[in-house]
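# Structure at a glance
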Amino acid sequence: MTRLISLLSASLFAVAAFAQQPFNVSVSVKGVDCDHAYITVFGDKESIQIDSLDPKMSVIPFTNGEMTLKGTASAQSVLRISFSGDDRLLKMVGNGYIPVKSASLWVVVGPGTNLKVEGDLTGKDYVDIYPNGDSENRFLAVLNSGMMPITNDEGNLEVKEYTDSTLTADDKKAIEARIADFDQNAQKVRENFIHSYPSCIASLWIMEDMLIRSQIEPAALETPMAAVESKYHDNYFYKAVSDRLAGAKSAAVGAKCPNISGTDKDGNEVSIADFRGKFLIVDFWGTWCGACLAGMPEMRAFRDAHKDKVQILGVANDKDAEKWKDCMVRNKMDWPDIMEGTGDRDYVARFNVQGFPTKILVDPQGTIVYRFTGEDREFYENVEKMINSK
């Protein structure tokens, strides 16, 4: 019996050790002028702990072109490494910039990853480096080496369109046509990759990214997803894509609205079943979303003008509870609101929300009758027609 307990304990220890293992990424890049790099995690953020200068933000020292990124991980994620302060790699427009993936270094990191990254960016205006030290990063290198040069060229054209005051109307049309061509070429690279190599973290990452950016119809991903090996089925990206594919069907116009439940800022339990009998606007928003916050007064005024027919339920794409509560108070959001969660409560994925704000109108019987992404008077005009026709 003692031996059995010892064996079981050893097995449990082995599982735990496998679940959280150290990783190490050594980076040596010439031609970069910066002191720090910022790390952004794509995937299950709770599964990875990064040793950094700031516990609230993953900031890594970058000294004489070298840095060491290390920590522990229990699952595979995609990391974006952005070199702080080197504006040459950014697509600057005035005091801001056009976000493009080609401005950063991308790696796959998981339990036990030990990666060495080397490159030279002297004279280059984007991060033309594709680590390939293990199988997952080799797949990512295939994708990014095809996609990033196109993305960079497209970004340069967008900067020219925004900043070159000498362009004529015909010049701008020609640039927009070239941007569209680059966009199509990048999409071909992505689609060819996911169909050629569906079973890898890079494919699952870019599939989720395309869904979020409305770059592909959910139905187009059913074939590559069916080919993904079972060893990836527990990964965040596989689950997120699966949830979005299911959500595209279950949360489509004409479907019964899936359940939404959670706790509001006052600690009260909220469920979508509480709103039966009136039209319900489910508002997907975030404290970080300027368009969302700008539209709150109009949504509140619309609700007030139709109190006998319309209610609002907010779903916040946020993790900081205090910031969420403060934002609701400042913006006079006097309706039930919950923060999205994870798993079954990842409502952004389960409702296949592809932009913020997204508003979903549910009729008094619980059927989704309208979806709208963005902030525009058109939404309220259409809702008014619908509620008055009942």
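Residues numbered from 1 in each chain as written. Predicted model: local features only at pLDDT ≥ 70, side-chain atom pairs only at ≥ 80, totals over all residues. Heavy atoms only, no water.

Let's shift gears to the overall build of the protein. Helices and strands together make up the secondary structure of the protein, namely 11 helices and 17 strands. Every one of the 390 residues in the protein was classed for burial, and the buried ones make up 45%. Across the protein, every contact between residues at least 6 apart in sequence was considered, and the portion connecting residues at least 24 apart equals 68%. As displayed, the protein offers around 19300 Å² of accessible surface, 50% of which is attributable to carbon and sulfur atoms. (Helix = DSSP H or I, 4+ residues; strand = E, 2+ residues; numbered from the N terminus. Buried < 20%, exposed > 50% of the residue type's maximum accessible area, 1.4 Å probe, protein only. Contact = heavy atoms within 4.5 Å. Areas by Shrake-Rupley, 256 points an atom, 1.4 Å probe, with all protein chains shown as cover.)

Two measures describe an aromatic ring pair: the distance that separates the ring centres and the angle between the ring planes. Under the definition given, this model contains 14 aromatic pairs. Taking the centre distance of 5.3 Å and the plane angle of 50° together, the rings of Phe193 and Tyr197 count as tilted. Exposure remark for Phe193: the relative accessible area of 4% places this residue in the buried category. The exposure class assigned to Tyr197 is partly exposed, which follows from its relative accessible area of 35%. Arranged with centres 5.0 Å apart and planes meeting at 85°, the rings of Phe379 and Tyr380 form a pair that is edge-to-face. Here the two residues Phe379 and Tyr380 agree in accessibility, since each one is buried. Through a chain of ring-to-ring contacts, the aromatic side chains of Phe302, Tyr370, Phe372, Phe379 and Tyr380 assemble into a single cluster. We note Lys359 situated over the ring of Phe379; from NZ or CZ to the ring centre the distance is 6.0 Å. (Phe/Tyr/Trp six-rings, centres within 6.5 Å; stacked < 30°, edge-to-face > 60°. Lys NZ or Arg CZ within 6 Å of the ring centre and 35° of its normal.)

Applying the stated rule across the entire model yields 15 salt bridges. With a shortest N-O distance of 3.0 Å, Asp209 and Arg213 are connected by a salt bridge. (Salt bridge = Lys/Arg side-chain N within 4 Å of Asp/Glu carboxyl O.)

In this section: the sheet that holds strand S5 (residues 66-73). Pairing is mixed across the open sheet formed by four strands, whose spatial order is S3-S5-S1-S10. Both edges of this open sheet fall to strand S3 (48-50) and strand S10 (114-120), since each of them pairs with a single strand only. The mean angle between the axes of side-by-side strands here comes to 20°, regardless of whether they run parallel or antiparallel. (Pairing = 2+ DSSP bridges. Axes fitted to C-alpha atoms, helices over the stretch in contact; angles between N-to-C directions.)

Summarising the element assignment, Lys309 is placed in the loop between helix H8 (296-305) and strand S14 (310-316). It is 5.9 Å that separates the C-alpha atoms of Lys309 and Phe279, two residues lying 30 residues apart in sequence.

Pairing is antiparallel across the open sheet formed by four strands, whose spatial order is S4-S2-S6-S9. Looking at strand neighbours, the two that pair on one side only are strand S4 (59-61) and strand S9 (105-109), the edges of this open sheet. Looking at each pair of strands side by side, their axes are set apart by 30° on average, direction ignored. Bridging between strand S6 (residues 77-83) and S9 involves five bridges; their strand directions are antiparallel. Bridged to Arg80 within S9 is Trp106.

A few words now on the side chain of Arg244. For Arg244, the position within the fold is in helix H6 (residues 236-250). No salt bridge is formed by the buried Arg244. Its closest oppositely charged neighbour is Glu208, at 4.8 Å. Here the side chain of Arg244 touches Asn352 through a polar contact of 3.3 Å, side chain to side chain. The residues contacting Arg244, other than those within four sequence positions of it, are Leu211, Ile212, Val348, Ala349, Asn352, Val353 and Gln354. (Lys, Arg positive; Asp, Glu negative; His and termini not counted. Polar contact = N/O pair within 3.5 Å; in protein donor to acceptor, adjacent residues only side chain to side chain.)

Okay, the packing of helix H3 (residues 169-196) against helix H4 (residues 201-212) next. The N-to-C vectors of H3 and H4 enclose an angle of 135°; their axes lie 10 Å apart at closest approach. One finds that H3 runs oblique with respect to H4. Remark: the crossing between H3 and H4 carries left-handed chirality. On H4, the residues that touch Gln187, Arg190, Phe193 and Ile194 of H3 are Ala202, Ser203, Ile206, Met207 and Met210. Of the residues assigned to the contact of H3 with H4, the class counts are six nonpolar, two polar and one charged. (Parallel < 35°, antiparallel > 145°, perpendicular 65-115°, else oblique. Left-handed = near helix turned anticlockwise from the far one by under 90°. Nonpolar A, V, L, I, M, F, W, Y, C, P; charged D, E, K, R; others polar.)

Mapping Val59 onto the fold places it in strand S4. Classification of Val59 as buried rests on a relative accessible area of 9%. Between the alpha carbons of Val59 and Ser82 there is a distance of 9.7 Å; along the sequence they are 23 residues apart.

Once that is clear, we can look at the state of the cysteines. Applying the stated criterion across every chain yields a total of one disulfide. Two residues share a disulfide in this structure: Cys289 and Cys292, whose sulfurs sit 2.3 Å from each other. Every disulfide takes its handedness from the sign of the S-S torsion; for Cys289 and Cys292 that torsion is 80°, giving right-handed. Here the two residues Cys289 and Cys292 agree in accessibility, since each one is buried. (Disulfide = S-S within 2.5 Å.)

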